[in-house]
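The residues making up each chain are set out below.
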Number of protein chains: 2
Amino acid sequence: MTSTVEPLSGTVEQAEVASRADAFVAELSEWLRIPSISADPGHHADVTRSAEWLAATLRRDGWPTVEVWSDTAALPAVYAHWPAADPTAPTVLVYGHHDVQPADLADGWSFAPFEPQVVGEELRGRGASDDKGHIAMVLLGVRAHLAATGATAPAVSLKLLVEGEEESGSAHLAELLTAHGDALACDEIVVTDTGMVDRETPTVCCGMRGLVDLEVVYRGAAVDLHSGQFGGAVPNPVTELARLVAAFHDDAGHIAVPGFYDDVREPTAEERAAWAALPFDEPAWLAGSAAGAMATAGEAGWSTYERLWARPTAEVNGLHGGYAGPGHKTIVPHSATLKMTFRLVDAQDPARIKPLLERFVADRIPAGIDADVSTGGPGVPPLICDLDSPLVASIREAMGIALGAEVLPAREGGSGPEALLTTALDAPLAFLGVMLPADRIHAPDERAVLPLLLRGAESVAHLWRLLAERVTS
Amino acid sequence: MTSTVEPLSGTVEQAEVASRADAFVAELSEWLRIPSISADPGHHADVTRSAEWLAATLRRDGWPTVEVWSDTAALPAVYAHWPAADPTAPTVLVYGHHDVQPADLADGWSFAPFEPQVVGEELRGRGASDDKGHIAMVLLGVRAHLAATGATAPAVSLKLLVEGEEESGSAHLAELLTAHGDALACDEIVVTDTGMVDRETPTVCCGMRGLVDLEVVYRGAAVDLHSGQFGGAVPNPVTELARLVAAFHDDAGHIAVPGFYDDVREPTAEERAAWAALPFDEPAWLAGSAAGAMATAGEAGWSTYERLWARPTAEVNGLHGGYAGPGHKTIVPHSATLKMTFRLVDAQDPARIKPLLERFVADRIPAGIDADVSTGGPGVPPLICDLDSPLVASIREAMGIALGAEVLPAREGGSGPEALLTTALDAPLAFLGVMLPADRIHAPDERAVLPLLLRGAESVAHLWRLLAERVTS
């Protein structure tokens, strides 16, 4: 499995990874056959099987402590601990997940999603990249690190937390962190669930957006009204809700909610220049979802990367009201339902944003319309890594060795449990991952690029050494 | 069955109607037990049974020509002809329908919709008012007319066309009118499918709105996109379609489509004053649908009656896109579908309005969105009666005698096949009906007010006499 793109580093770690490549593919393929779909109760037994598979693999690797946690409401999570020989070495917690997104042939897969296959450089199957591929990458990296150093324990104390509910919203992660706070205590957190902007340009994710939900239900009459008898003389809940949607942005695509941008720090000229220097192949990016978006669009004055990484959004996820069958039905619909999510950046706090959204809606409820407004759960705070921290510097150095190029800071537009982790465990957090935009995570025909997973494993192997050296130097 | 509201006219016709009231209720109840739902293929046999029931009743009444027409693609229509003794008497065609709206207990009926019952002054059941009750009213009126005059034939030549597809859009009426143009030839048309603004204020409908459909489908990517990976940087078809909906009206509720109002004649000060003098009980009107609309709304500067009768509308019947399940799904939806109907007034011509709507949509299609735009079938032209015509004058006089009060001109906001009838048969058209806004036609718990149906039958009995006198005078 030699990459035609990434140069070989020639390090001992690289050789140790390469010697284990075939076994790695076989092992990961076995794991991918377990359809650990956390969103589907019919697959919860598979989530348990997946956790047990991972625990058995870790025990075979020699991790001294391996536990499957099922003492909370969460689906089984796997915890492991391998202390360093040196008791003063830092403790690093690696976070990832072993559950996967739903996948069904009928969704448009070109092969059975849980029958993984190697095609050229790619390993194809649900979870190949997100996130089983990346957890397997970490395990391989630890093996290569131990083989390269000849030691019986890693250079830093390693902890693993691989949860089973990330793809269904990490609903019980806070409970898990509280119940097992002592076991999870650490100095630094590495999250393995992100990627690079493209294969030729190694980047490291240094920020994720936060998230707040909004659901608005407008109700007029108790049942649909005849549009001949009432049309034009009573409020139409669908029209009114469409007007609310239109009101959320001004003509330049700025979000019109008063106070919404108060805690948004605009990126510095330096950051903007760095992102502008990253390659951006718009046609490839648009096609990256395998879904064929047709054009970029969004807030005026910002690039696509900036729109995704540094700017908040007000996105409609669904709007439904009235007749949906064939032909026409002459009604004034009785109700309409709007579901939105707002992505947050920088210091935007879900707890501060929610009342702003609620007030924005409340200020616009038309006469004759009853409105139910809900902003759901606690939301997800944004997370920005400290680019000057030793942890980010070590990751960039480790990936730089393995990938043979400078690793540039980037961000991602999604939202994960990172802010929760860093707050609950009171430790700095950074990302190490080699997913590509074309990996089709969450979509049909997910794949991972195997040479990149191997470089990622090598990066992991270098990272433990570099982190230990940085402390002792 | 003595009304507590309407005074008795003391005419022979009134007495002849009254003497037949009990038989009328029994007969109509029998008809209402046939669920002649034209929109439901599972009930098409019932539509045929309903036509046969009506034909048999007409034959018992002595109509010389009675036919059930099933020679076109239309569901069975009933035709009858009773020539006047005087060959120079005018021929009047009465149009109505014997099919009914769908009705199911599960829709919120408080009784079985096809098991009619008399409660106080009301006959309750699907079709009691719209339109079987009104056709039965015409039959009773003809009997009373003959009894009152002692003649063996009516004073004018009468024709009846009772179609079986009105509630599913009169899809084959044009075909029927072409196939049977000779049989249907007439001097005047009376439509029996309208009502009065309220029980205390006799009015006659003198206008109906027209109708044009619009369906717009917006498509972005081929499948839903992850809103973290793409949100804020690609167009959202649901948001864009909501913006299109919002663009159809200005802040005052005027329709913003260029040229849309070109053929709208504003009502005269005299018309506006007459309508303003009509009673309008807003709470009763809002509750009239049994649906409890909560407020009036609409175009600034116009009353509710004017909004319904004299102003066109742009009404959203349905808007659907994206996620509709429980909780949230963080997607940029791949498509959205909008269904609208536009009610037209005065000289607005569907054939001229359609390209205006298509251009309005085409001018606003955002980059990155594919749009399908359709304006459906030929549409329905509006119809305004000539208030100075002998037909309208005779109807007002006939109803005035029966109801004991001046009959004021009003309109309705719905759309029917009137423009088609008057054009195809080249004859003036007017309305005679006693439905009330609270009759809940098209809604659960439809009912008719029996004393009003009897006054309606008496009006019919007077009308044939008045029309004959007007010609011979």
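Worth saying up front: this structure is predicted, and the values here are computed from it rather than measured. (Residues numbered from 1 in each chain as written. Chains lettered and ligands numbered in written order. Predicted model: local features only at pLDDT ≥ 70, side-chain atom pairs only at ≥ 80, totals over all residues. Heavy atoms only, no water.)

Student: So what's going on with the relation of the copies chain A and chain B? Which residues, and what values?
Tutor: Rotating chain A by 180 degrees and moving it 0.0 Å along the rotation axis overlays it on chain B with an RMSD of 0.1 Å. Viewed as a symmetry operation, the transformation between the two copies matches a two-fold axis. Taken together, the interface assignments show that 100% of the residues at the interface of chain A recur at the interface of chain B, consistent with an identical surface on both copies. (Least-squares fit on C-alpha atoms with pLDDT ≥ 70 in both. Contact = heavy atoms within 4.5 Å.)

Student: Explain the pattern of salt bridges to me, and be specific about the residues and the numbers.
Tutor: Close approach of charged atoms allows side chains with opposite charge to pair. The full count for this structure, using the stated rule, is 44 salt bridges over all chains. Its salt-bridge partner being arginine 20 of chain A, residue glutamate 16 of chain A comes within 2.7 Å of it at the nearest N-O pair. According to the relative accessible area criterion, arginine 20 of chain A is partly exposed, its value standing at 25%. Across the pair glutamate 6 of chain B and arginine 199 of chain B runs a salt bridge whose closest N-O atoms are separated by 2.8 Å. Within this pair, whereas glutamate 6 of chain B is found in the segment before helix H1 (12-19), its partner arginine 199 of chain B is found in the loop between strand S7 (188-191) and strand S8 (203-205), the two being separated by 193 residues in sequence. There is no split in this pair, since glutamate 6 of chain B and arginine 199 of chain B are both buried. Via salt bridges that share partners, Glu122, Arg124, Asp439 and Arg447 of chain A belong to a single interconnected network. (Salt bridge = Lys/Arg side-chain N within 4 Å of Asp/Glu carboxyl O. Buried < 20%, exposed > 50% of the residue type's maximum accessible area, 1.4 Å probe, protein only. Helix = DSSP H or I, 4+ residues; strand = E, 2+ residues; numbered from the N terminus.)

Student: Pulling in residues and values, what's your account of the packing of helix H1 (residues 12-19) of chain A against helix H4 (residues 132-149) of chain A?
Tutor: Residues and elements named next belong to chain A. Two numbers describe how H1 lies on H4: the axes approach to 8 Å, and their chain directions differ by 125 degrees. Regarding the angle of H1 to H4, the classification is oblique. When you trace H1 past H4, the crossing you get is right-handed. Along its contact with H1, which presents Val12, Glu13, Glu16 and Val17, the element H4 presents Leu140, Ala144, Ala147 and Ala148. Counted by class, the contact of H1 with H4 contains 6 nonpolar, no polar and 2 charged residues. (Axes fitted to C-alpha atoms, helices over the stretch in contact; angles between N-to-C directions. Parallel < 35°, antiparallel > 145°, perpendicular 65-115°, else oblique. Left-handed = near helix turned anticlockwise from the far one by under 90°. Nonpolar A, V, L, I, M, F, W, Y, C, P; charged D, E, K, R; others polar.)

Student: How would you summarise the side chain of threonine 194 of chain B if you had to cite specific residues and measurements?
Tutor: Note that threonine 194 of chain B resides in the loop between S7 and S8. Each residue touching threonine 194 of chain B, except ones within four places of it in the same chain, is listed here: His134, Cys205, Met208, Glu412, Phe431, Leu432, Gly433, Val434 and Met435 of chain B.

Student: Describe the sheet that holds strand S18 (residues 429-431) of chain B, naming the residues involved and giving the relevant values.
Tutor: All names here are of chain B. As summarised here, the arrangement of the 6 strands in space is S1-S2-S6-S3-S7-S18, forming an open sheet in which the pairing is mixed. Two strands close off the open sheet at either side, each with one partner strand: strand S1 (65-69) and S18. Adjacent strand axes in the sheet meet at a mean angle of 20 degrees when their direction is disregarded. Contacting S1, strand S2 (77-82) and strand S6 (157-163), helix H3 (residues 44-61) runs over the sheet at an angle of about 10 degrees to S2. (Pairing = 2+ DSSP bridges.)

Student: Could you give an account of the side chain of serine 38 of chain B, naming the residues involved and the relevant values?
Tutor: Residue and element names in this part refer to chain B. Mapped onto the elements, serine 38 comes out in the loop between helix H2 (21-32) and H3. Judged by its relative accessible area of 5%, serine 38 falls in the buried class. Reaching out from serine 38, the side chain makes a polar contact with the side chain of aspartate 99 at a distance of 2.6 Å. Those residues within four positions of serine 38 in sequence are excluded, and the remaining contacts are His44, Val47, Leu75, Asp99, Val100, Gly164, Glu165, Glu167 and Ser168. (Polar contact = N/O pair within 3.5 Å; in protein donor to acceptor, adjacent residues only side chain to side chain.)

Student: I'd like to hear about the nonpolar core, residue by residue, with values.
Tutor: Among the nonpolar cores identified, the biggest contains 89 residues, and Leu161 and Trp464 of chain B are the most heavily contacted of them. Broken down by element, the residue count for this core peaks at 12 residues, all from helix H15 (residues 450-472) of chain B. Beyond its immediate stretch of four places on either side in the chain, leucine 161 of chain B contacts Trp69, Ala77, Val78, Leu93, Val94, Tyr95, Gly96, Leu173, Leu176, Leu177 and Leu184 of chain B. Within the second largest apolar cluster, 88 residues are counted, among which are Leu58, Val94, Leu146 and Cys206 of chain A. (Core = buried A, V, L, I, M, F, W, Y, C linked by side-chain atoms within 4.5 Å.)

Student: Please provide a residue-by-residue account of the interface of chain A and chain B, values included.
Tutor: In this assembly, 76 residues from chain A lie in contact with 76 residues from chain B. Summed over both sides, the interface between chain A and chain B buries roughly 5,700 Å², with carbon and sulfur atoms accounting for 58% of that surface. For the interface between chain A and chain B, the tally reads 0 salt bridges. Looking at the side of chain A that touches chain B element by element, the count peaks at 9 residues for strand S12 (residues 313-322) of chain A. Its residues assigned to classes, the side of chain A that touches chain B shows 34 nonpolar, 30 polar and 12 charged. Examined bridge by bridge, S12 of chain A and strand S12 (residues 313-322) of chain B share 5 bridges and lie antiparallel to one another. Paired with glycine 318 of chain A across the bridge in S12 of chain B is glycine 322 of chain B. (Buried area = accessible area lost by both parts, 1.4 Å probe.)

Student: Residue-level account of the packing of aromatic side chains, with values.
Tutor: Residues and elements named next belong to chain A. Going through the model one piece at a time under the given rule, you end up with 22 aromatic pairs over all chains. Arranged with centres 5.5 Å apart and planes meeting at 85 degrees, the rings of tryptophan 109 and phenylalanine 111 form a pair that is edge-to-face. Each of the two residues, tryptophan 109 as well as phenylalanine 111, counts as buried. With a centroid separation of 4.7 Å and 40 degrees between ring planes, the pair formed by phenylalanine 248 and phenylalanine 360 is classed as tilted. In this pair, phenylalanine 248 is assigned in the loop between helix H8 (237-247) and helix H9 (269-277) and phenylalanine 360 in helix H12 (residues 350-362), connecting sequence segments 112 residues apart. Positioned over the ring face of phenylalanine 360 is arginine 364, at 3.7 Å from the centre of the ring. (Phe/Tyr/Trp six-rings, centres within 6.5 Å; stacked < 30°, edge-to-face > 60°. Lys NZ or Arg CZ within 6 Å of the ring centre and 35° of its normal.)

These values are about where atoms sit, not about what they do.
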